[in-house]
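Given next are the chains, with one letter for each unit.
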Amino acid sequence: MEMPVSTGHPRPILAHLAVAGACGLLLIATASSASLVALLSLVEAWLAPGLLACAAGCWWMQRKGRTDSLTNLVARGGAWGPWPMLTLCVLPLLVTWSGHLLLNSVLGGWMPWSDAGNYYSGATRFLDEGQLHPWACRRPLNALLLACRLAASDGDLQGALLLQSLLGGLALFLAAREVCRTFGLAAALFFTGLCYAFFRVFAPTTLSESLGLTLGLLAIPPLLRAVYGQHQRLGWMLGAAFVLSLGQIVRPGTVGLLPALLVWASFSLGDRRIKRGLLISVLLVMVFAIPVLANKLALRMYGTDGGIANANFVHTFYGFTRGLSWKEAEVELRGRSGQVREDETWHSAAYRFAFEAFREQPSVLAQSLLSNLVHAAITLPQHVMNLLFQTTLRAHPPRVLIFFALLSLPLFAPLGIAAWDRFRAGSFPHAWFWGLSILGIVASMPIIVRDGGIRVFAATFPLCTALGAALLAHPMPPTKRDHRPGLRSSASCVGLAMGLLLSALVIPGWLAPRHPPMEDSAPPPFVELTAKDRIVFHVLPEGEDDRQSILSQHRNRLICCNVRYFQHLTQVGHLKLGHGAQQLKAPFSLVMGLDKHSRKPIYGFVEGLLHSSPESAIQLELSEQSPHWRPVLSNSIILTEAR
């Protein structure tokens, strides 16, 4: 039998988004007291493990044959629609902005940092100048869609992140509903718990993982229709292939999945007929190529000279041929910059160096890939544990590691028991599909996991989680008929992915300013703070003035300058540094803003990038010489420590 999921008429997606957005804004607005924020933070922290615990309980009830109550529960819950899950997906934003969830890419809960800062700079630079800087050209679709969300929120980063969370929550709802319809309630709770654990880490950031995970979730409904359905399987497979390929372009990672899907579709959907199998292969290759061509088109339309998609992969590849990490490879490549010929770019020269190293010692590449595969197999369970419990396990003593291991056993025990039951029964529906999919993902792991960690699974993490859901399936997957709600959900997912791609290509053309790009100039010394403004001076050592990192100097949001210009601001009286300022050494970051409730200026100081400590706090005052600066008391200083 098939689990009923919805008893009411489907509601428009925009209406759901409006209701969820209103609930999210109400949730953020009412969470002003410290006690309420702490309570919501506690709920959000244990939401993913709690969902896995509920999945274990439902699986045990299904194993005992108590399915009637679960069926009624699914039917009642499905009538609510997606807005409860969309509202829950706003919780990571609230927890991060309140400082209860500290992320390396979001300093102080709101400041984009490292790669996240470069994506943000690419989006704001595009809104100011109509062109992406070279760093953002690595993932142009992510930066362009971020620019669209920033424009929709009138330049407010928090509003853009709220739109991003609503989009991810909608994709999570559609995927979880299809998993529930196909595999049952326990499988859907397991799927939702793990995907939410991944989602909560990247939702408050501007990284490409958020969009990659969203597209991976949107691929699940049409993919399950193609594998477990009975009608239009080839059409659903083409739709799923398009969404997955788009996800790999937005956040490259386990690209080995795509040829694995091509092999499975050619044999399974081709009914073992050579001509039909070849036709399906050609169609899939054409579908895979659409996002690739769209990415190149985005670079040509909105990129800059020298901007190259996935430009950072050259460090990884060179490291493989030399037996180095990507950081060591980057340092070594910088040392060989004098060997670049006049007729080639630095990027082309780096690949030439890599192939030369491979021809000299071919065995180094094989050794690097093998060691990376072993490293990935050992560290992946730790990454999953870190996602669930939001902790760095390596920083804890052994007794704490044992505690987390024991805590996770009841959550994943049903998965092992279900796999053993499938093995004893000798029957697992569509085992070839899951086997080839996992093989394609594993084949990609030696290339990407060591450098990127769990992030590289963004677009395929939902598929990996769906395998666990398939093991927990009860009752068996439906084989007789497909329901209309499932068809509409799958079509909505493919349509939403197409809409995102078209938005990234078309809408930025309307947003691009009509005036020529601004010339590089020093940031303005006078800045007037408003309730929405938070300004960051990221101060680099003398001689280093990375113009790519200037985040919207026109909008006075985040300013990058060298230490000489920052000293100029202090000398002319626009900034007055109190006791301890003489010990400052670049690089460091200085955060300014107005508290939204008290209207008093607040400050944070991060010394040495991510290596801050309470001892690095300085007393900061605003000079009365400038009428644009508000006076500040010493007790209004707030230190934001990055962990």
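Refer to the structure above for everything that follows.
Residue numbering note: each chain is counted from 1, following its sequence as written. In view of the model being predicted, local features appear only for residues whose pLDDT reaches at least 70, and side-chain atom pairs are presented and counted only at 80 or more, with totals across whole chains, interfaces and linings using the full set of residues. Excluded from the side-chain calculations are hydrogens and water; all other atoms, namely the structure's heavy atoms, are used.

(A) Just unusual backbone geometry, in detail. Backbone geometry places Asn310, a non-glycine residue, at a positive phi of 55°. Taking the relative accessible area as the measure of exposure, Asn310 reaches 30% and is therefore partly exposed. For His430, which is not glycine, the phi dihedral falls at a positive 55°. Note on exposure labels: buried denotes an accessible area under 20% of the residue type's maximum, exposed denotes more than 50%, and partly exposed covers the range between, all computed with a 1.4 Å probe on protein chains only.

(B) Main features of the pattern of salt bridges. For this analysis, a salt bridge means a side-chain nitrogen from Lys or Arg found within 4 Å of a carboxyl oxygen belonging to Asp or Glu. For the structure shown, the criterion picks out 13 salt bridges. For Asp421, the salt bridge is made with Arg63, and the minimal N-O distance between the two is 2.6 Å. Taken together, the residues Asp421 in helix H19 (residues 398-425) and Arg63 in helix H3 (residues 47-63) connect sequence positions 358 residues apart. Residues Arg251 and Glu209 are paired through a salt bridge, measuring 2.7 Å at the closest nitrogen-oxygen approach. One end of the pair, Arg251, is in the loop between helix H12 (233-250) and helix H13 (257-268); the other, Glu209, is in helix H11 (residues 208-228), with 42 residues separating them in the sequence. Among the residues examined, Arg251 registers a relative accessible area of 8% and is labelled buried. Given the relative accessible area of 2%, Glu209 is considered buried. Per the convention used, a helix needs a DSSP run of H or I reaching at least four residues, while a strand needs a run of E reaching at least two, with both numbered from the N terminus.

(C) Focus on a nonpolar patch on the surface. Residues enter patches when they are more than 30% accessible in relative terms and free of salt bridges; like-charged ones are connected within 9 Å and nonpolar ones (Val, Leu, Ile, Met, Phe, Trp, Tyr) within 5 Å. Note that accessible areas follow from Shrake-Rupley with a 1.4 Å probe, and for residues the cover is restricted to the protein chains shown. There is a patch of nonpolar side chains on the surface, built from Leu370, Val374 and Ile378 and spanning about 310 Å² of accessible area. Relative to the helices and strands, Ile378 is located in helix H18 (residues 362-389).

(D) Focus on the packing of aromatic side chains. Pairing of aromatic side chains here covers Phe, Tyr and the six-membered ring of Trp, requires ring centres within 6.5 Å, and sorts the geometry by plane angle: under 30 degrees stacked, over 60 edge-to-face, intermediate tilted. Counted by the stated rule, this structure contains 15 aromatic pairs. Ring centres of Phe126 and Tyr302 lie 5.4 Å apart, and the angle between their planes is 90°; on these two criteria the pair is classed as edge-to-face. Of this pair, Phe126 sits in helix H7 (residues 115-129) while Tyr302 sits in helix H14 (residues 274-302); the two residues are 176 residues apart in sequence, bridging distant segments of the chain. Here Phe126 and Tyr302 have matching classes, each one buried. An angle of 35° between the planes, with centres 6.3 Å apart, marks the rings of Tyr196 and Phe199 as tilted. With a gap of three residues between them, Tyr196 and Phe199 both fall in helix H10 (residues 185-202), about one helical turn apart. A relative accessible area of 2% places Tyr196 in the buried class.

(E) Local environment of H7. Expected span of a helix, by definition, is 1.5 Å for each gap between consecutive residues, and there is one gap fewer than residues. In this model, H7 (15 residues) spans 20 Å end to end at C-alpha, consistent with the 21 Å of a helix rising 1.5 Å per residue. For H7, a buried count of 14 out of 15 residues is recorded, marking the element as mostly surrounded by other parts of the structure. With its phi angle positive at about 80°, Gly130 sits one or two positions after the end of H7.

(F) Focus on the environment of Gln62. Structurally, Gln62 can be placed in helix H3. On the basis of relative accessibility, which here comes to 3%, the residue Gln62 falls in the buried class. For the pair Gln62 and Ala186, spaced 124 residues apart in sequence, the C-alpha separation works out to 8.1 Å.

(G) Layout of the environment of Leu215. Tracing the chain through its elements places Leu215 in helix H11. The exposure class of Leu215 is buried, given its relative accessible area of 2%. Each C-alpha atom of the pair Leu215 and Arg251 lies 9.7 Å from the other, and the pair is 36 residues apart in sequence. Here Leu215 is in contact with Val243, Leu246, Gly247, Val250, Ala497 and Leu500, once residues within four sequence places are set aside. The contact criterion used throughout is that any non-hydrogen atoms of two residues lie within 4.5 Å.

(H) Broad picture of the packing of H13 against H14. Only the contacting stretch of a helix is used when fitting its axis, a line to C-alpha atoms as for every element, and angles between N-to-C directions run 0 to 180 degrees. Remark: H13 packs on H14, axes separated minimally by 8 Å, with the N-to-C direction vectors making an angle of 150°. Between H13 and H14, the angle is such that the two are roughly antiparallel. The way H13 lies across H14 gives a crossing that is right-handed. Contact with H13, carried on its side by Leu258, Leu261, Leu262, Ala265 and Ser266, involves Gly277, Ile280, Ser281, Leu284, Val285 and Phe288 of H14 and no other residues of that element. Any angle from 65 to 115 degrees is called roughly perpendicular, while one under 35 is roughly parallel, one over 145 is roughly antiparallel, and all others are oblique. Left-handed describes a crossing in which the near helix is turned anticlockwise from the far one by less than a right angle; the clockwise case is right-handed.

(I) Broad picture of the nonpolar core. In these notes, a set of buried Ala, Val, Leu, Ile, Met, Phe, Trp, Tyr and Cys residues joined through side-chain atoms within 4.5 Å is what counts as a nonpolar core. Val179, Phe183, Phe191, Leu215, Met237, Trp434 and Phe457 are the most contacted members of the largest nonpolar core, which has 142 residues in total. Tallying contributions element by element places helix H9 (residues 157-183) first for this core, with 16 residues. Setting aside residues up to four positions removed in sequence, Val179 forms contacts with Gly184, Ala187, Ala188, Phe191, Ile220, Leu224 and Ala469. Core analysis: the second largest hydrophobic core is formed by nine residues, Val314, Ala329, Leu333 and Phe353 among them.

Worth remembering: the numbers are spatial, not functional.
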